[in-house]
Amino acid sequence: MTLTAETVTGLEIRKVTARIGAQVSGVDISRELDQVTVGALRAALNEHKALVFDDVDLDDEGQQRFARHFGELTTAHPTVPSVEGAPNILPVDSERGRANHWHTDVTFVVNPPQASTLRSIVIPPYGGETLIANAAAAYRDLPEPLRNLADTLWAEHTNDYDYAVPQESLDEEKAAQRAQFTSIEFRTAHPVVRVHPLTGEPGLFIGGFAQRIVGLSVPESRKILDLLESYVRRPENILRWRWSPNQLVLFDNRITQHYAIDNYDDQPRRLNRVTVAGDVPVGIDGKSSYSIKGDASHYTTVARP
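Residues numbered from 1 in each chain as written. Predicted model: local features only at pLDDT ≥ 70, side-chain atom pairs only at ≥ 80, totals over all residues. Heavy atoms only, no water.

A few points about the sheet that holds strand β6 (residues 130-134)
Strand pairs in the sheet, formed through backbone hydrogen bonds, run parallel or antiparallel to each other. Filter applied, for reference: Being paired, for any two strands, means DSSP has found at least two bridges between them. By the criteria applied, helices consist of DSSP H or I runs no shorter than four residues and strands consist of E runs no shorter than two, each listed in order from the N terminus. For helices, the fitted axis covers only the stretch in contact; all axes are lines through C-alpha atoms, and the angles between them, taken along N-to-C directions, range from 0 to 180 degrees.
Taking strand neighbours across the sheet as the criterion, the 3 strands line up as β12-β6-β14 in an open arrangement whose pairing is antiparallel. The two strands at the open ends of the sheet, each matched to only one other strand, are β12 (238-241) and β14 (256-260). Put simply, the sheet's adjacent strands are angled 15 degrees from each other on average, direction ignored. Relative to β12, β6 runs antiparallel, the two being bridged by 4 bridges. Looking across to β12, one finds that A133 is bridged to I238.

In structure tokens:
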């Protein structure tokens, strides 16, 4: 039986845009969920890529409990400290830096998280939206010649690069944050087109940590990656979510990218992130990603597809 929202009494799933995003109501995610409800939520995530839950009554432990319904948790991050006393929770805090670049979480390791949850803690009075893009829709948008090329490409992902601001513009605090982020260097080769293990959908698996196409120079790689990224970032493929208090967003990290917009001046903004361990990506040709440098076993187990 295919589990859908109709399978669970009271569960309602309403699309936010045609290509990505749905709001979920009729379920109390602060409680332990039964397998039928989890199956319906998983089916909705497969379809909509990002799910929004309003007015959630969650603390840190509740967020972790909800995320565990979808698999074993990762620790907070391979290099960045967690919330004190909560090793599985990463504070996405404007005071610790602003990740205003398109990316998929932690793709520089060989098995990036399969899913991410973000919970609103402190919301600025304006701005601070999160953009989430459907990488499967982006792949479908590619003209056939470009799609055929993408199917053959592999990209090297790394955490050791200047993804936000030039080194010379960093103050002492931000330089220390960057040094922490790159304290362990990771390099991993992933297929540019990843096949989703549950749906079979191909999607562009690139984002900000993808720095070079295997076999090409950095300048050549940049042109190809920028071209492919332009399809991911089309407005039609994007959910632009304006946060409210007590919200949680669950998104499929295997087939989306996201971007935190830095448009709220010096106002504080904080979300707590909990991620679910993922499988090793597989490309169109059936070949799996491979690690070039860096051991992430302290961060995540490898999930079965």
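Comments concerning the pattern of salt bridges
Charged atoms that come close allow side chains of opposite charge to pair. Just so we agree on the cut-off: For salt bridges, the criterion is a side-chain nitrogen of Lys or Arg within 4 Å of an Asp or Glu carboxyl oxygen.
Counted by the stated rule, this structure contains 19 salt bridges. The salt bridge involving E185 is made with R187; its shortest N-O contact spans 2.5 Å. Via salt bridges that share partners, E156, E185, R187, R212 and K293 belong to a single interconnected network.

Topic: the sheet that holds strand β8 (residues 187-191)
Pairing is antiparallel across the open sheet formed by 4 strands, whose spatial order is β11-β7-β8-β16. Each of the sheet's edge strands pairs with one partner strand only, and the pair in question is β11 (210-213) and β16 (290-293). The average undirected angle you get between the axes of adjacent strands in this sheet is 30 degrees. Relative to β11, strand β7 (residues 154-158) runs antiparallel, the two being bridged by 3 bridges. Bridged to A155 within β11 is I213.

Details of the pairing of strand β3 (residues 50-53)
Selection criterion: Three labels apply to residues, based on accessible area from a 1.4 Å probe with only protein chains included: buried if under 20% of the type maximum, exposed if over 50%, partly exposed otherwise in between.
Side-chain alternation along β3 places A50 and V52 on one buried face and L51 and F53 on a second face that is also buried. Bridge analysis of β3 against strand β13 (residues 248-252) gives 4 bridges, and the strand direction is antiparallel. Bridging across to β13, F53 finds its partner in L248.

Observations regarding helix α2 (residues 60-68)
Put simply, the test is: The contact criterion used throughout is that any non-hydrogen atoms of two residues lie within 4.5 Å. Think of a polar contact as two N or O atoms within 3.5 Å of one another; within protein, one of them needs to be a possible hydrogen donor and the other a possible acceptor, and neighboring residues in sequence only count if both atoms come from side chains.
Among all positions of α2, only G62, Q63, Q64, F66 and A67 are buried. Turning to α2, the residues buried within the fold contact α1 (35-48), β3, β5 (115-122), β13 and β15 (270-276). Its side-chain oxygen placed 3.3 Å from the backbone nitrogen of E61, D59 serves as the N-cap of α2.

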